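# Structure assessment
Each chain is listed here by its residues.
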Amino acid sequence: METDEEGSDWGDYSGPQEEQACTKEEYAVAKHLRFNTPAHTGRLAGMTVKCFIASDAVNCLLDSKWSKGKANPDSEITFTDRRSCVQFLNRFIQKGLFHRADKVESRKDRDKKKKKKEIEEKEKEKEKESGADSKKSKKSKKLTEKETKELETKEEEKKEEKKKEEKKKTDKKEVKLKKFKLNMSDDQRFVDGNSIYVWIYDPIHPKTFFMGFLMLLGAIALCLFPLWPDWMRIGVYYASLLGASFVGFMLFLIVLRVIIFSLIWLVTLGKHHLWIFPNLTEDVGVIDSFKPLYKHDVYPPPEIEKELEKEKNKTEEEEGDSENDDNEENKDNDENKDNDYEMIESKNEDSNDEEKTGEESEETEQQ
């Protein structure tokens, strides 16, 4: 890795300095980072900004063509490990390509943290209580092999369900881009981890150049329409008619499906909901917008819905009462087992005392 002329390492950053111009190779690395690191949106001082996470940028550099083993021998920049990447990115902060920002916690995040703490405290209390109960019940309870196997299978099923739920949550988080509320940080250093950095360097993507060039060619071609040959004019005319007819057909379908839905809804007094092409106005692809052909839902009247809700509440209450009864029965059984165990121990102690007294009497007689 390179070092400054004064001999200081890139990681030794001591406050704001004058911005220096980047070399061509540094700009190439910056473009690679800008277009290949996972981008997130944030709000900083009322403005929407693009930001990234430090660990993602380091991983991107280690997978780039400047990493060890992939870099050209003539290249001045090579990344051997995470530390060398951090040192190089500190140089980018000094040159003003991005800056560090602090995440502002929202009320939802604070509430989630409080709930997590409360749940953890409750779990600890339950573990303590269960530990005390287990010490008492070790003497009396001896589970059979079948019961232990059933408990183990239930615990394994619960763990698998939790893992599946966590995977679903992580998949959703990966699909959705994160949005942060940010504030300017006083500590302007690059630190590998979960720290957030806001992009100042905003180069133009090559795709935008290509799209702009195509739009320019299209505008020139439209201006030269009088010079087009007859066959090209006729082709464009028929293509425009096809496009207009397709748009008109789509508008007709949208109006027709609303009319059919409203008529069926009025005739059935809101019981039947029939949508033709339900995904037609959704944000999906062209083919997916015509799938499925229809969607039919049946809703009971409000009186029946209230009765169903009452029945559900009753069943839930009955289930809760049955669970409480089962717990009470289990407690009673445990207490009975403890009493039986104590009775057995007392009988054993009495028998031992009688044996001891008999032996002592025999010894006295022999003497």
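Here the structure is a predicted model, which is why all the values come from computation and not from measurement.

## Quick word on the packing of aromatic side chains
For the coordinates displayed, the defined rule picks out 15 aromatic pairs. Both rings, one in phenylalanine 52 and one in tyrosine 197, keep their centres 5.9 Å apart while their planes meet at 25 degrees; by these two values the pair is stacked. Within this pair, whereas phenylalanine 52 is found in strand 2 (residues 47–53), its partner tyrosine 197 is found in strand 5 (residues 196–199), the two being separated by 145 residues in sequence. Looking at tyrosine 197, the relative accessible area reads 0%, which means it is buried. Where phenylalanine 277 meets phenylalanine 290, the ring centres are 5.5 Å apart and the plane angle is 85 degrees; that geometry is what we call edge-to-face. Here phenylalanine 290 lies in the loop between strand 6 (272–276) and strand 7 (294–298) and phenylalanine 277 lies in the loop between strand 6 and strand 7, a separation of 13 residues in the sequence. Among the residues examined, phenylalanine 277 registers a relative accessible area of 16% and is labelled buried. We note arginine 233 situated over the ring of phenylalanine 225; from NZ or CZ to the ring centre the distance is 5.6 Å.

## Digging into the packing of helix 1 (residues 24–36) against helix 3 (residues 82–94)
Contact geometry of helix 1 with helix 3 gives a least axis separation of 12 Å together with a crossing angle of 100 degrees. On the basis of their axis angle, the class for helix 1 and helix 3 is roughly perpendicular. The segment helix 1 lies against helix 3, with Glu26, Val29, Ala30 and Leu33 engaging Phe88, Leu89 and Phe92. By residue class, the composition of the contact of helix 1 with helix 3 is six nonpolar, no polar and one charged.

## A closer look at the packing of helix 2 (residues 54–62) against helix 3
Across the interface, helix 2 lies against helix 3 with an axial gap of 10 Å and an inter-helix angle of 110 degrees. If you check the angle between helix 2 and helix 3, you find them roughly perpendicular. Taken as a pair, helix 2 and helix 3 cross one another with a handedness that is right-handed. Contact residues: helix 2 offers Ser55, Ala57, Val58, Asn59, Leu61 and Leu62, while helix 3 offers Arg82, Cys85, Val86 and Leu89.

## Quick notes on the pattern of salt bridges
Applying the stated rule across the entire model yields five salt bridges. The partner of aspartate 187 in a salt bridge is arginine 100, with the nearest N and O atoms 3.5 Å apart. A residue pair is termed long-range when its members are at least 10 positions apart, and aspartate 187 in the loop between strand 4 (179–184) and strand 5 and arginine 100 in strand 3 (residues 98–103) qualify at 87 residues. The partly exposed category is assigned to aspartate 187, whose relative accessible area is 31%. The salt bridge partner of arginine 189 is aspartate 187, with a shortest N-O separation of 2.9 Å. Here arginine 189 falls in the partly exposed class, since its relative accessible area comes to 35%.

## Quick notes on the pairing of strand 5
Where burial is concerned, the two faces of strand 5 agree: the one with Ile196 and Val198 and the one with Tyr197 and Trp199 are both buried. Pairing of strand 2 with strand 5 involves three bridges; the strand directions are antiparallel. What sits directly across from isoleucine 53, in strand 5, is isoleucine 196. Bridge analysis of strand 3 against strand 5 gives four bridges, and the strand direction is antiparallel.

## Some details on the nonpolar core
Grouped together as the largest cluster of nonpolar side chains are 25 residues, with contacts concentrated most on Val29, Leu33, Phe79, Leu89, Phe92, Phe98 and Phe190. At the level of secondary structure, the elements contributing two or more residues to this core comprise helix 1, helix 2, helix 3 and strand 5. In terms of residues, this core owes the most to one element, helix 3, which gives six residues. Membership of the second largest hydrophobic core comes to eight residues, among which are Leu44, Val49, Cys51 and Phe180.

## Structural notes on unusual backbone geometry
Backbone torsion omega between lysine 291 and proline 292 reads -10 degrees, so that peptide bond is classified as cis. Even without being a glycine, leucine 269 presents a positive backbone phi close to 55 degrees. Residue position: leucine 269 is located in the loop between helix 7 (230–267) and strand 6. Positive phi, normally seen in glycine, also occurs at phenylalanine 277, with a value near 50 degrees.

Cut-offs used in this document
- The residue numbering used here restarts from 1 in each chain and proceeds along that chain's sequence as written.
- In keeping with the predicted nature of the model, local features appear solely for residues at pLDDT of at least 70, side-chain atom pairs appear and are counted solely at 80 or more, and the whole-chain, interface and lining totals rest on all residues.
- Side-chain numbers here rest on the full set of heavy atoms in the structure, without hydrogens or water.
- Think of it this way: a Phe, Tyr or Trp ring, Trp meaning its six-membered ring, pairs with another when their centres are within 6.5 Å, and the plane angle makes it stacked under 30 degrees, edge-to-face over 60, tilted otherwise.
- A helix here means a DSSP run of H or I that spans at least four residues, while a strand means a run of E at least two residues long, and both kinds are numbered starting from the N terminus.
- Burial classes follow relative accessibility: with a 1.4 Å probe on protein chains only, a residue under 20% of its type's maximum area counts as buried, one over 50% as exposed, and anything between as partly exposed.
- Charge over a ring is defined by NZ of Lys or CZ of Arg lying within 6 Å of the ring centre and within 35 degrees of the ring normal.
- Axis lines are fitted to C-alpha atoms, over the contacting stretch for helices. Their N-to-C directions set the angle, which ranges from 0 to 180 degrees.
- We call two directions roughly parallel when the angle between them is under 35 degrees, roughly antiparallel when it is over 145, roughly perpendicular when it lies between 65 and 115, and oblique otherwise.
- Whether two residues are in contact is decided by their heavy atoms, any of which lying within 4.5 Å being enough.
- Any residue outside Ala, Val, Leu, Ile, Met, Phe, Trp, Tyr, Cys, Pro, Asp, Glu, Lys and Arg is labelled polar, Gly included; the first ten of those are nonpolar and the last four are charged.
- Handedness of a helix crossing follows the sense of rotation of the near helix relative to the far helix, less than a right angle counterclockwise being left-handed and clockwise being right-handed.
- Whenever Lys or Arg places a side-chain nitrogen within 4 Å of a carboxyl oxygen from Asp or Glu, that contact is recorded as a salt bridge.
- Pairing between strands requires that DSSP locate at least two bridges from one strand to the other.
- Each nonpolar core is a collection of buried residues, namely Ala, Val, Leu, Ile, Met, Phe, Trp, Tyr and Cys, held together in the definition by side-chain atoms within 4.5 Å.

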